[in-house]
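Coordinate inspection notes
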Amino acid sequence: MWVRSTMAYRTSFLIMTLGNFLATGLDFVAIALMFTHIGELGGFTLDEVAFLYGTTSVAFGLADLALGTMGRLGQRVRDGTMDTLLVRPVPILAQVAADRFALRRLGRITQGAVLLGWSLARLDIDWTLDRALLMPVMLLSGGAIFGALFVLGGAFQFWAKDASEVQNAFTFGGTTLLEYPPTVFGKELLRGVTFVIPLAFVNWLPALYILGRPDPLGLPAWIGFAAPLVAGGCCAVAGLAWRAGLRAYQSTGS
Amino acid sequence: MRLYAAVAVSGFKRYATYRVATVAGVFTNTVFGFILAYTYTALWDERPHLGGYDLAQALTFVWLGQALLAAVALMGGGFQEELQDRIRSGDIAVDLYRPVDLQMWWLATELGRALFQLLGRGVVPMAVGALVFELRLPASPLTWLWFLLSVVLAVCVGFAVRYLVSLASFWLLDGTGLSMLSGLLCLFFSGMILPLNVFPGQLGETARALPWAAMLQVPADVFLEERRGMGLLAAFAFQVGWAVALLAAGRAVQSAATRKVVVQGG
């Protein structure tokens, strides 16, 4: 339904898909501009940064496509339209995800995939079986971790009501962080995104293994393979938070 | 004049009611500030004095960007969505009957909103940045004054651009795609992602001449005391020039649009 309704304004849809394609694209243009002045950033070449960038974009794009509308949940709680969802015999999470489902978000995944392909063609990776297997595992677990963050953010809205910006700090902030090499950041920040909010498992840790580079925190190389487990844990936590949020929900209606 | 002042005050008050949202925004700006500050540190470690900035200036630029993001609406937003909604729903017809100037009305709300966002979402991230990193804050109180003037002009230019974009809804009906595109262009060409003086060659020269440069790069250069004396004057002339040109263009488009206005829904 939402797909058809966006198609009603065809020009706008085309501009928007293009916009989504450009959205992440311009960020990468900025990085490419940086590399006109330097050869390496934090010890990483442009091709390697493109690899990090592409994997983040695809993982985030998957989560955004499925659950990107979570950001609107606060508005639903505020204006009381959340109640309509509660009385329907369909899981609430599915309804929120489908609400204003926007096909234009494909733009981001496409852009990420193009960049990822470009970097893979240029990088000289030693393709062993485990590395090849880790690629899809990394993208899917990454998407699941971002998805869990979206749901957590949504659950938080039941209490905070108009704090969707906090969610942006973790989701959009997270993607910005993961686009750059981990060596750029301070050790405290790295520990934070490895052990507290496990963003490092979205792409840094698996990508370091694929690129054959050591982890700046000195974690063992196989840690990248823990990504699916971490993703599962994140989803479980997000699911519990979502239930708690729904229980705590108080309608604003009279 | 008194009417527009009242409108500006109500714009300020309206945003002041969203307290949780403001705190959330401060949090987001601070997180992004940290991420960018680290990447800029890595960049300036490789190339000290890149774009004529030293590291302290580059880091100050990062935090200025975060402090001005909401006030100058560098990602779009503000009045834009509401105006577009009114155009799409046809409510704009009611606005056009009112005995006030449409453009000035929205500019007044925008100035009120910007003042609140500057205080509410600008001061804290900047203070956090100054505490954690070594920033280059202006020594002279006069520079602070010039900076504030430059920010007001930046808000006017930003408003003029987004007003033009919003008016496109008269023809496109659904303006979300275009406003998104304009938000992206603004992020890139204002210097928010990367300072414009780091842009190489012809691209850099073009970027520095476009109106978006008036929205972050110029106020930041005033703050960093890169613009002094005649340079300062040129900076203001640049901002005023774009503001006047774009506001006039907005006015022309507005009268063209109202002549052809088709009110949806009868």
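Under an unreviewed UniProt entry, the name given to chain B is ABC-2 family transporter protein, and the source organism is Streptomyces rhizosphaericus.

Considerations on the overall build of chain A
Looking only at helices and strands, chain A has twelve helices and zero strands in total. In sequence order, chain A lays out its α and β elements as α-α-α-α-α-α-α-α-α-α-α-α. A compact globule built from 254 residues would reach a C-alpha radius of gyration of about 18 Å, and chain A, at 19 Å, matches this within 12%. Taken across its 254 residues, chain A has 54% of its residues classed as buried. For chain A, restricting intrachain contacts to residue pairs at least 6 apart in sequence, the fraction spanning at least 24 positions comes to 77%. Carbon and sulfur atoms form 66% of the exposed surface of chain A, whose accessible area is close to 10800 Å². Here chain A holds 18 positive side-chain charges and 16 negative ones, and the gap between their average locations is 12 Å.

Some details on the interface of chain B and chain A
Taken together, the contacts link 35 residues of chain B with 38 residues of chain A. Between chain B and chain A the total buried area reaches about 3300 Å² when both faces are included, carbon and sulfur atoms providing 77% of it. Counting across the interface, chain B meets chain A through zero salt bridges. The interface formed by chain B and chain A holds two residue pairs in polar contact (both at pLDDT 80 or more) in total.

A closer look at unusual backbone geometry
Residues and elements named next belong to chain B. With a phi angle near 65°, H49 is a residue other than glycine that sits in the positive phi range. One can find H49 in the loop between α2 (19-46) and α3 (55-69). Residue H49 is classed as exposed on the basis of its relative accessible area, which comes to 58%. Phi angles above zero are rare outside glycine, and A73 is one such case at about 55°. Note on placement: A73 falls in the loop between α3 and α4 (80-89). The exposure class of A73 is buried, given its relative accessible area of 4%.

Observations concerning the state of the cysteines
Residue and element names in this part refer to chain B. Throughout the structure, instances matching the rule amount to zero disulfides over all chains. In this structure C156 is a free cysteine whose sulfur lies 14 Å from that of C186, the closest cysteine sulfur available. For C156, a relative accessible area of 13% translates into the label buried.

Here's the deal with the confidence of the model for chain B
Looking at chain B as a whole, its pLDDT mean stands at 91, while 98% of the residues score no less than 70. Interface scoring of the predicted complex returns ipTM 0.86; its pTM is 0.90.

A few points about the nonpolar core
By size, the foremost hydrophobic cluster in this structure holds 148 residues, and its most contacted members are L41(A), F51(A), F146(A), W204(A), W242(A) and L194(B). Those residues within four positions of W242(A) in sequence are excluded, and the remaining contacts are M70(A), L73(A), I92(A), L93(A), V96(A), V151(A), G154(A), A155(A) and F158(A).

Things to note about the environment of D162(A)
Within the secondary structure, D162(A) is located in the loop between α8 (129-160) and α9 (164-179). Taking the C-alpha atoms as reference points, D162(A) and R72(A), 90 residues apart in sequence, are found 9.4 Å from one another. Excluding its chain neighbours within four sequence positions, the residues that come into contact with D162(A) are R78(A), Q157(A), Y18(B), V20(B) and A21(B).

Re the UniProt feature "transmembrane region" (unreviewed entry) in chain B
All names here are of chain B. According to UniProt, the positions carrying the feature "transmembrane region" (unreviewed entry) are residues 20-40, 60-79, 114-133, 145-165, 177-196 and 230-250. With 50% helix and 0% strand, the stretch residues 60-79 has end C-alpha atoms that lie 28 Å from each other. As a span, residues 114-133 carries 95% helix and 0% strand, and end to end its C-alpha atoms are 26 Å apart.

Some words on the packing of helix α3 (residues 46-67) of chain A against α8(A)
Residues and elements named next belong to chain A. With their axes 8 Å apart at the nearest point, α3 and α8 run at an angle of 50° to one another. It follows from the interaxial angle that α3 and α8 lie oblique. For the pair α3 and α8, the crossing hand works out as right-handed. From α3, F51, T55, T56, V58, A59, F60, L62, A63, D64 and L67 reach across to α8, where they touch M135, M138, L139, L140, G142, G143, F146, G147, F150 and V151. A per-class count over the contact of α3 with α8 returns 14 nonpolar, five polar and one charged.

What about the pattern of salt bridges?
Scanning the entire structure with this criterion turns up eleven salt bridges over all chains. Between R122(A) and D47(A) there is a salt bridge; the shortest N-O distance is 2.8 Å. Of this pair, R122(A) sits in helix α7 (residues 106-122) while D47(A) sits in helix α3, and the two are 75 residues apart along the sequence. Overall, the relative accessible area of 48% leaves R122(A) in the partly exposed class. Note that R136(B) and D54(B) form a salt bridge whose closest N and O atoms lie 2.9 Å from each other. One end of the pair, R136(B), is in the loop between α6 (102-132) and α7 (141-167); the other, D54(B), is in the loop between α2 and α3, and 82 residues separate them in sequence. Its relative accessible area of 34% is what places R136(B) among the partly exposed residues. Note on D54(B): relative accessible area 21%, which makes it partly exposed.

Section: the packing of aromatic side chains
All chains considered together, the criterion is met by 30 aromatic pairs over all chains. Their ring planes at 90° and their centres at 5.1 Å tell us that W144(B) and F223(B) sit as a pair that is edge-to-face. On the criterion of sequence distance, the pair formed by W144(B) in helix α7 and F223(B) in helix α11 (residues 217-223) is long-range, its members being 79 residues apart. When the ring centre of Y209(A) is taken as origin, the NZ or CZ atom of R131(A), which lies over that ring, is 5.2 Å away.

Some remarks on the side chain of Q217(B)
Its place among the elements puts Q217(B) in helix α11. If we skip the residues at most four places from it in the chain, Q217(B) touches Y53(B), F61(B), S190(B), P195(B), L196(B) and N197(B).

Let's talk about α9(A)
One turn of the α-helix equals 3.6 residues, which is why residues spaced by three or four share an orientation. Residues and elements named next belong to chain A. For α9, spanning 16 residues, the distance from its first C-alpha to its last is 22 Å, which sits close to the expected 22 Å at 1.5 Å a residue. Of all the bends in α9, the greatest, near 30°, is centred on G173. Looking only at α9, the buried set comprises V166, Q167, A169, T171, G173, G174, T175, T176, L177, L178 and E179.

Considering a nonpolar patch on the surface
Residues and elements named next belong to chain A. Judged by side-chain polarity, L18, F21, L22 and V114 come together as a nonpolar surface patch covering roughly 320 Å² of accessible area. At three residues, helix α2 (residues 10-34) tops the list of elements feeding residues into the nonpolar patch. Tracing the backbone shows L18 in helix α2.

Cut-offs applied
Residues numbered from 1 in each chain as written. Chains lettered and ligands numbered in written order. Predicted model: local features only at pLDDT ≥ 70, side-chain atom pairs only at ≥ 80, totals over all residues. Heavy atoms only, no water. Helix = DSSP H or I, 4+ residues; strand = E, 2+ residues; numbered from the N terminus. Rg over C-alpha atoms; globule rule 2.2 N^0.38 Å. Buried < 20%, exposed > 50% of the residue type's maximum accessible area, 1.4 Å probe, protein only. Contact = heavy atoms within 4.5 Å. Areas by Shrake-Rupley, 256 points an atom, 1.4 Å probe, with all protein chains shown as cover. Lys, Arg positive; Asp, Glu negative; His and termini not counted. Charge placed at Lys NZ, Arg CZ, Asp CG, Glu CD. Buried area = accessible area lost by both parts, 1.4 Å probe. Salt bridge = Lys/Arg side-chain N within 4 Å of Asp/Glu carboxyl O. Polar contact = N/O pair within 3.5 Å; in protein donor to acceptor, adjacent residues only side chain to side chain. Disulfide = S-S within 2.5 Å. pLDDT = per-residue confidence, 0-100. Core = buried A, V, L, I, M, F, W, Y, C linked by side-chain atoms within 4.5 Å. UniProt positions renumbered as here; feature names shortened; annotations may be inferred. Axes fitted to C-alpha atoms, helices over the stretch in contact; angles between N-to-C directions. Parallel < 35°, antiparallel > 145°, perpendicular 65-115°, else oblique. Left-handed = near helix turned anticlockwise from the far one by under 90°. Nonpolar A, V, L, I, M, F, W, Y, C, P; charged D, E, K, R; others polar. Phe/Tyr/Trp six-rings, centres within 6.5 Å; stacked < 30°, edge-to-face > 60°. Lys NZ or Arg CZ within 6 Å of the ring centre and 35° of its normal. Expected span 1.5 Å × (residues − 1). Bend = angle between axes of the 7 residues up to and from the residue. Patch = residues over 30% accessible without salt bridge, like charges linked within 9 Å, V, L, I, M, F, W, Y side chains within 5 Å.

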